[in-house]
Amino acid sequence: MADDVVVFTMDDLPRLAFPMMESIRREGKLCDVTLRVDNHMFTAHRIVLASSIPYFHAMFTHDMVESRQNDITMQGIEHSALEALVNFAYNGRVQLDSNNVQNILVGASFLQLQSVKEACCDFLKNRLTPNNVLGILAFAEQFMCPSVTEAANKYIQKHFMEVSKSDEFLQITYTEIHDILSRDELYVTSEEQVFEAMLAWIKADLQERKDHLSELLKLVRLPLLTPQFLADRVAMVDLIKTSLRCRDLVDEAKDYHLMPERRPLLQTFKRRPRCCTDIVGMIYAVGGLTSSGDSLCTVEAFDPIVGRWQLAEPMKTLRSRVGVAVLNGKLYAIGGYDGQERLHTVEVFEPCSKMWSTITPMNCKRSALGAAPLDNSLYVCGGYDGVSSLNSVEFYNPETKVWTMCSNMMKHRSAAGVTVFDGQIYALGGHDGLSIFDSVECYNNLTGEWKEVAPMITKRCRLGVAALNGLLYAVGGYDGHVFLKTVECYNPKTNLWSYVAPMKVKRSRVALVSNCGRLYAVGGYDGVTNLNSTEMYNPDTNMWTTVASMCAHEGGVGVGVIPLCPSID
């Protein structure tokens, strides 16, 4: 019979041993290496350094000159950082604060301590402010910290107005300000803010920077400025008045307003509004139907941060099959059906006053229409006037308060999906009273022409459409036989449609919006009942998840997103 074998294990030995080694080191005993930086020196144990710090592991376990030296001079690391990281090798702790974090990060990079470097990156990301973000961005780019670089860039875009008023902003280089002003993703409520930030940077060092004015003025989307601002502010700046190239840019912008026929000559980016996808918006669900089919004037709003719907101020008019769009931070409810007739009336909601008011009615009565904002105008497409499906299109100018007819769509489309994508109006699917379409057409408001693009994979009416991250999504709807939960997306670079993950629920009459990098499918009809549920799509994971249901609607809503002004944590 073999002897019994017992294995005793002391699981906490490493936890007890390292503090003892640290104590021995502090007493100056058994140390076998001295590290020198400038006039500072630190004694330590090779075995501890080699076992805890990759840089020393490579130094002491390979045939390097330092592996045989008792006294090693260090280059490329600051002495306080070396001291902190040698201590870390013994106790696994490093104290970070705003004064030492950059030195610690540089030292951790030098010693290949990735975990400490990541902790420093997290520290910096969590402490971005308008007054330090540009400096942190420059530091992160220099020392290859991609997560900090990404966080800083997003912060600059989200809080551009506050950042542009900081002392750091006035001190950045021409290359840096050129990069920032070039971005589509800047969050501004008006392009005027970009102009003023650019001009402030020029004036902060006038003699050195005045020659950059014309190149930076090109980055300001001058056609998006009002004619009054162009004439009374931009054109009156002495630096601009004395520069032929700057005057040409201002004249071109004035021509945009005065002579629409010249608009096709402008570069696309100059007239495309900036859009920051990191800004969270309130999702408003407008109008819709009761379970018995009656039209509603009810409005409710969903806060993605809180994850809850709550009642908002109701409209003045009952509206189902209503067109909804957001222009200049205002929510428009357009046309629809009040239970008696198709409507041409329009209401607008001001989030600041929380009040609805009536504006100029459309030229045509429309329900089941599509609505979308483009170039400071509000476009409505197709719909049903009580007799037939429509192919007519009209747009509203909030400055003149006038609705104007423009080029008809190629097809009569009721219950189509309409949205802005890639600087144009897209109309997807819908029906003409006889046939349901898979076709897609887009409108260029500079040329005034509609053209067909690749058709969807599936015929769809009463679908939801929205653009996100350079792709156009079509969700749900009805194909004439089946209520759909399938989802497909269009890539303009390949001119192809492809399926992505389907929704969890079949949804006809579904409303779709993009918000803060996600898609939200709101309400609808599954073939049996009206729906109050909401799903959210994450394009990174290609998954739909259920979020809070509406509290006051039972489907058939129109939706729009009003961006919230970002707060500084």
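Residues numbered from 1 in each chain as written. Predicted model: local features only at pLDDT ≥ 70, side-chain atom pairs only at ≥ 80, totals over all residues. Heavy atoms only, no water.

1. Quick notes on the overall build of the chain
Point 1. Within the chain, the regular secondary structure consists of 18 helices and 27 strands.
Point 2. Expected size for 569 residues packed as a compact globule is a radius of gyration near 25 Å; at 31 Å, the chain overshoots this value by more than 25%.
Point 3. The dimensions of the chain, computed from C-alpha atoms along their principal axes, are 95 × 90 × 45 Å.
Point 4. By the burial criterion, 48% of the 569 residues in the chain qualify as buried.
Point 5. For the chain, the proportion of contacts with a sequence separation of at least 24, taken over those separated by at least 6, is 54%.
Point 6. Positive and negative side-chain charges of the chain, numbering 54 and 65 respectively, have mean locations separated by a distance of 4 Å. (Helix = DSSP H or I, 4+ residues; strand = E, 2+ residues; numbered from the N terminus. Rg over C-alpha atoms; globule rule 2.2 N^0.38 Å. Buried < 20%, exposed > 50% of the residue type's maximum accessible area, 1.4 Å probe, protein only. Contact = heavy atoms within 4.5 Å. Lys, Arg positive; Asp, Glu negative; His and termini not counted. Charge placed at Lys NZ, Arg CZ, Asp CG, Glu CD.)

2. Quick notes on the pairing of strand S5 (residues 299-303)
The side chains of a regular strand alternate, first on one face of the sheet and then on the other.
Point 1. Among the five residues of S5, five are classified as buried, and the element is accordingly described as predominantly covered.
Point 2. Side chains Val299, Ala301 and Asp303 of S5 all project onto a buried face; the interleaved residues Glu300 and Phe302 project onto the opposite face, where all are buried too.
Point 3. Bridge count for S5 against strand S6 (residues 308-311) is four bridges, and the pairing is antiparallel. Counterpart to Ala301 in the pairing with S6 is Gln310.
Point 4. Joining the antiparallel neighbours S5 and S6 is a turn of four residues, in which Gly307 adopts a positive phi near 75°. (Pairing = 2+ DSSP bridges.)

3. Topic: the sheet that holds strand S23 (residues 511-515)
Point 1. Read across the sheet, four strands follow the order S23-S24-S25-S26 without closing on themselves; strand pairing throughout is antiparallel. The two strands at the open ends of the sheet, each matched to only one other strand, are S23 and strand S26 (543-547). With strand direction ignored, the average angle separating the axes of adjacent strands in the sheet is 25°.
Point 2. The pairing of S23 with strand S24 (residues 518-525) spans five bridges and is classified as antiparallel. Residue pairing across strands places Ala511 opposite Val522, the latter belonging to S24. (Axes fitted to C-alpha atoms, helices over the stretch in contact; angles between N-to-C directions.)

4. Focus: helix H5 (residues 101-111)
Point 1. Within H5 the residues assigned to the buried category are Val101, Ile104, Leu105, Gly107, Ala108 and Leu111. On an axial view of H5, the arc spanned by its buried residues comes to 165°, and they lie on one face.
Point 2. For H5, the elements touching its buried residues are helix H3 (54-61), helix H4 (79-91), helix H6 (114-125) and helix H7 (133-142).
Point 3. At the C-terminal side of H5, Gln112 shows a positive phi close to 65°. (Arc of directions from axis to C-beta.)

5. Focus on the packing of aromatic side chains
Point 1. According to the stated counting rule, one finds 23 aromatic pairs in the structure shown.
Point 2. Ring geometry for Phe56 and Phe60: centres 5.7 Å apart, planes at 20°, overall stacked. You can see Phe56 and its partner Phe60 sitting in helix H3, four residues apart, about one turn around the helix.
Point 3. Taking relative accessible area as the criterion, Phe60 reaches 14% and is therefore assigned buried. (Phe/Tyr/Trp six-rings, centres within 6.5 Å; stacked < 30°, edge-to-face > 60°.)

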